[in-house]
Amino acid sequence: MESYRTPVLIGSLLAPPAVCALLTPFRSHFDNANAALVLVVVIVAVAVFGIRVAGVLAAVSSAVWFDFFLTVPYNSFRIDSSNDVEQAVLLMVIGVAVTQIAIWGRRQQANASRRRGYLDGVITTSQAVAAGASADDLIEQVRAELTAVLGIDGVKFVAGSKQTEAPRLNPDGTVARGQHVLKVERDGLPTNAEIELIVQHAGATRGRFLLTAASRIARPDLEQRLVAVALADQVGAALSTQEAIHPHV
């Protein structure tokens with residue numbers, strides 16, 4: 001977003017007066033409601049970039065320059081007609097509403113894309129398990145997936161069933177320190193300790209992933225945490241299969 005944020009902000013301020021100036025020669029030949037609709041199109045064009053402040057600036061700028069160029073008295077910020085006042089206010093309100101709708105749509109699209117990415121990661125891991133990928137390769141793959149899904153600094157795998165007192169990411173997606181369930185969405189994952197994600201299959205513990213979120217606050221939502229659990233379960237299934245095939249390994 002940063003690459004186009006500044007040009008969009010500049011455009012949100014300059015496009016409305018430019019459009020109003022272009023409409024000025026024709027202002028006596030069309031109703032102001034039609035000019036307002038043209039400005040709504042300008043606001044929509046800005047809003048689609050998903051930058052809230054730009055959409056609001058475009059709405060305010062459109063209302064101000066609509067008043068200046070297209071309402072009587074012309075070239076003045078005074079409005080004599082109550083209808084023109086209503087149109088200017090509606091233009092601003094509609095502009096802000098359109099911006100909010102555009103931002104909501106972009107957020108929904110981003111969430112859908114994110115979920116698709118999570119699903120692809122789980123499917124890819126499942127396919128690797130089905131194809132008989134080595135446990136080491138699968139662990140490396142899942143380590144990378146966990147780092148990306150949870151937005152954390154890193155992950156390491158430790159084999160064995162040893163239990164510790166570290167905070168734990170549970171199968172239901174909650175994160176607990178002992179008996180205390182942490183509010184991850186509000187406070188983030190613990191930064192002063194590694195978080196255990198147990199790797200198990202059929203009730204047997206095969207190891208654990210240790211999640212590190214030390215350099216910044218990571219707030220993965222419940223969906224992301226459940227994806228992490230699913231990925232760890234895939235490793236548990238792979239390790240169980242390897243043990244069944246090579247019982248002495």
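Residues numbered from 1 in each chain as written. Predicted model: local features only at pLDDT ≥ 70, side-chain atom pairs only at ≥ 80, totals over all residues. Heavy atoms only, no water.

Undergrad: Is there a simple way to explain the sheet that holds strand β3 (residues 175–177) in this structure?
TA: The pairing of strands in a sheet comes from backbone hydrogen bonds and takes either a parallel or an antiparallel form. With mixed pairing, the 6 strands of this open sheet are ordered in space as β1-β6-β5-β2-β3-β4. Strands with a single pairing partner mark the edges of an open sheet, and in this sheet they are β1 (154–159) and β4 (180–181). Against the sheet, helix α5 (residues 135–150) engages β1, β5 (195–201) and β6 (204–212), with an angle of about 140 degrees to β1. (Pairing = 2+ DSSP bridges. Helix = DSSP H or I, 4+ residues; strand = E, 2+ residues; numbered from the N terminus. Contact = heavy atoms within 4.5 Å. Axes fitted to C-alpha atoms, helices over the stretch in contact; angles between N-to-C directions.)

Undergrad: Sorry, what's going on with the nonpolar core here?
TA: What tends to happen in soluble globular proteins is that the nonpolar side chains get buried as a cluster. Of all hydrophobic cores here, the largest spans 32 residues; its most connected members are Leu 146, Leu 197, Phe 209 and Leu 211. Of all elements in the fold, only α4 (82–130), α5, β5, β6 and α7 (222–245) reach the threshold of two or more residues within this core. Considering each element in turn, this core owes the most residues, 8 residues, to α7. When near neighbours in sequence (up to four residues on either side) are disregarded, Leu 197 contacts Leu 146, Leu 169, Arg 208, Phe 209, Leu 211, Ala 228, Val 229 and Ala 232. In this structure, Leu 23, Val 40, Val 42 and Val 46 belong to the second largest nonpolar core, which totals 21 residues. (Core = buried A, V, L, I, M, F, W, Y, C linked by side-chain atoms within 4.5 Å. Buried < 20%, exposed > 50% of the residue type's maximum accessible area, 1.4 Å probe, protein only.)

Undergrad: Where do I start with unusual backbone geometry in this structure?
TA: Following Val 72, the chain continues to Pro 73 via a peptide bond in cis, the omega torsion being 0 degrees. The residue Pro 73 is located in the loop between α3 (52–70) and α4 in this model. One non-glycine residue, Asn 75, lies in the positive phi region at around 60 degrees. Within the secondary structure, Asn 75 is located in the loop between α3 and α4.

Undergrad: Can you walk me through the environment of Leu 226 in this structure?
TA: Structurally, Leu 226 can be placed in helix α7. Overall, Leu 226 belongs to the partly exposed group, its relative accessible area being 36%. Setting aside chain neighbours within four positions, we find Leu 226 in contact with Pro 171, Asp 172 and Gly 173.

Undergrad: Looking at this structure, I do not really get the UniProt feature "transmembrane region" (unreviewed entry) in the protein chain. What am I missing?
TA: Following the UniProt record, the feature "transmembrane region" (unreviewed entry) maps to residues 6–24, 36–65 and 85–105 here. Along residues 6–24 the backbone is 95% helical and 0% strand, and the end-to-end C-alpha distance reaches 28 Å. This span, residues 85–105, is 100% helix and 0% strand, and a straight line between its end C-alpha atoms measures 30 Å. (UniProt positions renumbered as here; feature names shortened; annotations may be inferred.)

Undergrad: Sorry if this is basic, but what is going on with α5 here?
TA: Note: α-helices contain 3.6 residues per turn, so residues at a spacing of three or four share the same orientation. With 16 residues, α5 should cover 22 Å at 1.5 Å per step; its first-to-last C-alpha distance of 22 Å lies within 8% of that length. Of the positions making up α5, those classed as buried are Ala 135, Leu 138, Ile 139, Val 142, Leu 146, Val 149 and Leu 150. The arc that holds every buried residue of α5, seen down its axis, measures 95 degrees, which confines them to one face. Residues of α5 that are exposed and point more than 90 degrees away from the buried face comprise Asp 136, Asp 137 and Ala 148. (Expected span 1.5 Å × (residues − 1). Arc of directions from axis to C-beta.)

Undergrad: Would you mind showing me how to read the pattern of salt bridges here?
TA: Going through the model one piece at a time under the given rule, you end up with 7 salt bridges. Linking Arg 143 and Glu 140 is a salt bridge whose minimum nitrogen-to-oxygen distance equals 2.7 Å. Placement of the pair is Arg 143 and Glu 140 together in helix α5, with a separation of 3 residues, close to one helical turn. Residue classification places Glu 140 among the partly exposed residues on the basis of a relative accessible area of 46%. Of the charged contacts, one joins Arg 225 and Glu 185 as a salt bridge, the two residues approaching to 3.3 Å between their closest N and O atoms. Pair noted here: Arg 225 is in helix α7 and Glu 185 is in helix α6 (residues 184–187), with a separation of 40 residues, a long-range link. (Salt bridge = Lys/Arg side-chain N within 4 Å of Asp/Glu carboxyl O.)

Undergrad: Hey, could you run me through the packing of aromatic side chains in this one?
TA: Each aromatic ring pair is summarised here by two numbers: the centre-to-centre distance and the angle between the ring planes. By the definition in use, this model includes 7 aromatic pairs. Here Tyr 4 and Phe 49 contribute two aromatic rings whose centre-to-centre distance is 5.6 Å and whose plane-to-plane angle is 50 degrees, an arrangement assigned as tilted. Placement of Tyr 4 in helix α1 (residues 2–23) and of Phe 49 in the loop between α2 (32–47) and α3 is noted, with a sequence separation of 45 residues between them. Relative to Phe 69, the ring of Phe 68 has its centre 5.0 Å away and its plane inclined at 85 degrees; by these criteria the two rings are edge-to-face. With a relative accessible area of 18%, Phe 68 lands in the buried category. In this arrangement the basic side chain of Arg 27 is found over the ring face of Tyr 74, its NZ or CZ atom lying 3.7 Å from the centre. (Phe/Tyr/Trp six-rings, centres within 6.5 Å; stacked < 30°, edge-to-face > 60°. Lys NZ or Arg CZ within 6 Å of the ring centre and 35° of its normal.)

Undergrad: So what exactly am I meant to see when it comes to the domain arrangement of the protein chain here?
TA: A common way to state how big an interface is: give the accessible area lost once the parts meet. By the assigned domains, the protein chain splits into domain 1 (4–113) and domain 2 (118–245). Centre-to-centre separation of domain 1 and domain 2, based on C-alpha positions: 48 Å. (Domains from an automatic or database assignment.)

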